[in-house]
Amino acid sequence: GAVVSQHPSRVICKSGTSVKIECRSLDFQATTMFWYRQFPKQSLMLMATSNEGSKATYEQGVEKDKFLINHASLTLSTLTVTSAHPEDSSFYICSAGGRGSNQPQHFGDGTRLSIL
Amino acid sequence: GQQLNQSPQSMFIQEGEDVSMNCTSSSIFNTWLWYKQEPGEGPVLLIALYKAGELTSNGRLTAQFGITRKDSFLNISASIPSDVGIYFCAGQESGGYSTLTFGKGTMLLVSP
């Protein structure tokens, strides 16, 4: 069964709306979670690393004020796309991995965001 | 950012055929992972490799961690239509808290 749950699976909203996406680790504690963005027919692009209890680490070129990340507990990270515009439309995916060296990352089912 | 060289980019095969895809890197990784992604879904972990030279199977899937720690391959035997999807390799420097470096993916199409 799924070990990482992501919600919602699909969002369609008007330009200017802020959208929150949740990522939960279901049966393990994840002090670190990752947020990716994927364009059609492309690989996953890491946006940011979400750290529980501290600020997220953003990849170069990703606007931290545009993509707000909150990791308030050991099992939940949220990504908020603020004042979304059509160019923000994409497939957003989170992942989480356990602490140990043999704990691979598992991915959520992704969120398809469509901004009209 | 850094990316792995994954090949082939796509494959179109008939049901029952065997498939092989591979990834190479200029950097050493301590973990190699293989994921499958179907349309509209997140990647699903197929096989995780943690030791150089390791050969691991998961049903009809077999993957190996190259001895130099700079490459890995994935084989699928006796392919079936539900094997259709995009397969990604990913390298990881250490444990689950470190970032993944992805290949560009191999799209697999299987005709019945």
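Just so it is clear, the model here is predicted, and its values are computed rather than measured.

What follows concerns the overall build of chain B. Secondary structure assignment for chain B yields zero helices and 11 strands. Helices (α) and strands (β) of chain B occur, in sequence order from the N terminus, as β-β-β-β-β-β-β-β-β-β-β. Going through the 112 residues of chain B one by one, you find that 45% of them count as buried. On chain B, roughly 5100 Å² of surface is accessible, and the fraction owed to carbon and sulfur atoms is 51%. Between the centroid of the 6 positive side chains of chain B and the centroid of its 9 negative side chains there is a distance of 10 Å.

The interface of chain B with chain A comprises 23 residues on the first partner and 28 residues on the second. Carbon and sulfur atoms make up 59% of the surface buried where chain B meets chain A, a total of about 1800 Å² over both sides. The tally of links from chain B across to chain A stands at zero salt bridges. Counting only elements with at least two residues in the side of chain B that touches chain A, the list comes to β4 (31-37), β5 (44-49), β9 (85-92) and β10 (100-102) of chain B.

For the rest of this paragraph, the subject is the confidence of the model for chain A. Here chain A shows a mean pLDDT of 91. Residues at 70 or above account for 94%. Averaged pLDDT values for the elements of chain A fall to 90 in strand β10 (residues 105-107) of chain A and rise to 97 in strand β11 (residues 111-115) of chain A.

Below, the discussion takes up the state of the cysteines. Applying the stated criterion across every chain, the model contains two disulfides over all chains. Between the sulfur atoms of Cys23(A) and its disulfide partner Cys94(A) the distance amounts to 2.0 Å. The sign of the S-S torsion, about 80°, decides the handedness of the disulfide formed by Cys23(A) and Cys94(A): right-handed. Of this pair, Cys23(A) sits in strand β3 (residues 19-25) while Cys94(A) sits in strand β9 (residues 90-97), and the two are 71 residues apart along the sequence. Taking the relative accessible area as the measure of exposure, Cys94(A) reaches 0% and is therefore buried. For Cys23(B), the disulfide goes to Cys89(B), at an S-S distance of 1.7 Å. As the torsion about the S-S bond is roughly -85°, the Cys23(B)-Cys89(B) disulfide counts as left-handed.

Residues and elements named next belong to chain B. Ordered in space as β1-β3-β8-β7-β6, the five strands form an open sheet in which the pairing is antiparallel. Of all the strands in the sheet, the pair left with one neighbour each is β1 (5-7) and β6 (55-58). Between one strand axis and the next, the sheet turns by 15° as a mean value, whatever way the strands run. Sheet analysis places strand β7 (residues 61-65) next to strand β8 (residues 71-76), joined by five bridges and oriented antiparallel. Opposite Thr62, over in β8, you have Asn75 as the bridge partner.

Next up on the list: a nonpolar patch on the surface. A surface patch of nonpolar side chains, about 300 Å² in accessible area, is lined by Phe12(B), Met107(B) and Leu109(B). Mapped onto the secondary structure, Leu109(B) falls in strand β11 (residues 106-111).

Attention shifts here to the layout of surface pockets. For the second largest pocket, the calculated volume is near 340 Å³. Lining the second largest pocket are 18 residues, with Lys41(A), Glu38(B), Pro39(B), Gly40(B) and Ile86(B) sitting closest to its centre. Of all the elements in the fold, those that place two or more residues in the lining of the second largest pocket are β9 and β11 of chain B. At three residues, the largest contribution of residues to the lining of the second largest pocket is made by β11(B). Taken together, the residues that form the lining of the second largest pocket break down as nine nonpolar, five polar and four charged.

Definitions and cut-offs
- Residues numbered from 1 in each chain as written.
- Chains lettered and ligands numbered in written order.
- Predicted model: local features only at pLDDT ≥ 70, side-chain atom pairs only at ≥ 80, totals over all residues.
- Heavy atoms only, no water.
- Helix = DSSP H or I, 4+ residues; strand = E, 2+ residues; numbered from the N terminus.
- Buried < 20%, exposed > 50% of the residue type's maximum accessible area, 1.4 Å probe, protein only.
- Areas by Shrake-Rupley, 256 points an atom, 1.4 Å probe, with all protein chains shown as cover.
- Lys, Arg positive; Asp, Glu negative; His and termini not counted.
- Charge placed at Lys NZ, Arg CZ, Asp CG, Glu CD.
- Contact = heavy atoms within 4.5 Å.
- Buried area = accessible area lost by both parts, 1.4 Å probe.
- Salt bridge = Lys/Arg side-chain N within 4 Å of Asp/Glu carboxyl O.
- pLDDT = per-residue confidence, 0-100.
- Disulfide = S-S within 2.5 Å.
- Pairing = 2+ DSSP bridges.
- Axes fitted to C-alpha atoms, helices over the stretch in contact; angles between N-to-C directions.
- Patch = residues over 30% accessible without salt bridge, like charges linked within 9 Å, V, L, I, M, F, W, Y side chains within 5 Å.
- 1 Å grid on protein atoms, 1.4 Å probe; cavity = no way out; pocket = protein on both sides within 12 Å on 5 of 7 lines; lining within 4 Å.
- Points joined across faces, edges and corners; volume = space filled by probe spheres on them.
- Nonpolar A, V, L, I, M, F, W, Y, C, P; charged D, E, K, R; others polar.

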